[in-house]
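Examining the three-dimensional arrangement
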Amino acid sequence: MFNVRSQRKQILIVGMADSIHLARWLSQFIDQPIDFTLFPSSPHRRIHPKLKNLISSTSHQMTVTLKPPSMRGLALPLSALDIPFNNFFRSKLLRRLIINQKFDLIHVLELQHAGYLLLETKLAPNLPKVFITNWGSDIYWFQQFPKHKQKIIQLLKIASLYSAECHRDIEIVGQLGFTGIAMPVIPNSGGINLEEIPKNSLPPSQRKKIMIKGYTGFVGQALVAIKACELAADLLPEYEVVIYSASLKARIRALKLRYFHKIRVTILKKRTPHHEMLKHFSEARLYIGISLSDGISTSLLEAMATGCYPIQTNTSCADEWINESSGSIVGSFSIQSVTDAIIYALNSDITVDQAKLINTQKISETASCDSVVSTAREFYSLDF
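Remember, it's a predicted structure, so these values are computed and weren't measured experimentally. (Residues numbered from 1 in each chain as written. Predicted model: local features only at pLDDT ≥ 70, side-chain atom pairs only at ≥ 80, totals over all residues. Heavy atoms only, no water.)

1. Describing the overall build of the protein chain
Note the cut-off: Strands here mean DSSP runs of E at least two residues long; helices mean DSSP runs of H or I at least four residues long; both are numbered from the N terminus. The size measure is the radius of gyration over C-alpha atoms, and the globule rule it meets is 2.2 Å times the number of residues to the 0.38 power. Relative accessibility under 20% of the residue-type maximum defines a buried residue, over 50% an exposed one, and the middle range a partly exposed one, all with a 1.4 Å probe and only protein chains included. For this analysis, residues touch if any pair of their heavy atoms sits within 4.5 Å. The charge count treats Lys and Arg as positive and Asp and Glu as negative. His and the chain ends do not count. Lysine's charge is taken at NZ, arginine's at CZ, aspartate's at CG and glutamate's at CD.
For the protein chain, the count of helices and strands is 14 helices and 13 strands. Against the 2.2 N^0.38 benchmark of 21 Å for 384 residues, the protein chain shows a C-alpha radius of gyration of 22 Å, consistent with a compact globule. Across its three principal axes, the protein chain shows a C-alpha extent of roughly 65 × 45 × 40 Å. Per-residue burial for the protein chain yields a buried fraction of 55% across its 384 residues. Residue pairs in contact within the protein chain that sit at least 24 positions apart in sequence constitute 74% of those at least 6 positions apart. Here the protein chain carries 43 positive and 31 negative side-chain charges, and the mean point of each set is 9 Å from the other.

2. A few points about the layout of surface pockets
Just so we agree on the cut-off: Both site types are read off a 1 Å grid over the protein atoms alone. A 1.4 Å probe that fits but cannot get out defines a cavity, while an open set with protein on both sides within 12 Å along at least five of seven lines defines a pocket; lining residues have an atom within 4 Å of a point. Grid points are joined across faces, edges and corners, and a volume is the space filled by probe spheres set on the points.
Here the second largest pocket defines a volume of roughly 380 Å³. Every residue lining the second largest pocket is counted, 21 residues in all, and those nearest its centre are K50, G190, G191, N193 and C369. Looking at the lining of the second largest pocket, the elements that each hand over two or more residues are α1 (20-27), α10 (274-282), α11 (298-305) and α14 (369-379).

3. Details of the side chain of S245
Locating S245 in the fold gives a position in the loop between β9 (240-244) and α9 (248-259). Beyond its immediate sequence surroundings of up to four residues, S245 is in contact with G214, Y215 and K270.

4. Observations regarding the pairing of strand β11 (residues 284-289)
Counted only if it meets this: DSSP-based pairing: two strands are paired if at least 2 bridges between them are found. With the strands aimed away from the viewer, a crossover counts as right-handed if its path from the first strand over the helix to the second runs clockwise.
Summarising burial for β11: six of the six residues are buried, a large majority. Pairing geometry for strand β8 (residues 209-213) and β11, over four bridges, is parallel. Counterpart to I210 in the pairing with β11 is L286. By the bridge criterion, four bridges tie β11 to strand β12 (residues 309-313) in an arrangement that is parallel. Paired with G289 across the bridge in β12 is Q312. Taking the sense of rotation as the criterion, the β-α-β connection linking β11, α11 and β12 turns out right-handed.

As structure tokens, then:
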């Protein structure tokens, strides 16, 4: 049972100040009596505009304060200095903040920047309760590297609470020795706002766009998706291939698709507004997201919500969201399996239209903002 405390909670957030995901997470608590203090783990000084609005707002019951205030100007030089010193300088600032200000809870959102930074304060076991939230590849990918695995195990030892987007990751942390409370699995980006989904879109079988996630850095494998489209090029003359978040490698490879195969290719700007992204998804027959590792991809959820047939790699936890009736799960290195999934989705009108019905209902029931926020608020309702 959750025991709700009457006084205002004091919660320290260690997370990426430039992240829309962090801003969306905090936005779920605007009418809650919580005082959040944010210590940025971001490697530069940018603060996401939505987060700036939360910090400056005086109309919400929730408050968000950036600490120390000098981090606005010092984040970049401190991060640069910290590269060879393993977070030495910023960990000192974080240590001082934790010692001088009484917090009910420390919530670490993301492990490799925020989590490791907390470890470097060397305050364990004299910390308030620690809550760790897994983002994307934090556990699934990095546990395979010995140095990272050691730090992850250390983090799990000091954590009382853990949340993730995948049941897969809950199982992994148990195997790594976590003995605290695992919270219900929800999308950590705050869920899908169904009011933002374009209405009256065409059935997927009548749509003429293909969406590709264009990441190639770190774990992104957009080149596999683009090469698969090249192999299926005979079926694509009437389609427009739309690539978003495109890296330089993806942009260069897309030139072959455009000029050699004569396929219409549109590469979206890096900071394309979210409502425009959703409009493209709602006009697309299928979405292709290929990566070496992920949690629940927000793009997958948005594809499902807009009725766009998803093709997603088996290295995410896509199997917790889609099955053979509602999407295709493929290997991250198998260009042929991605090609086969594209051909299948383009040749089966009934499949893509039925998948829309299944996926939109799934999102409405389990990943809408309304369903996610009610669960998220339980996270902070525990008696710390």
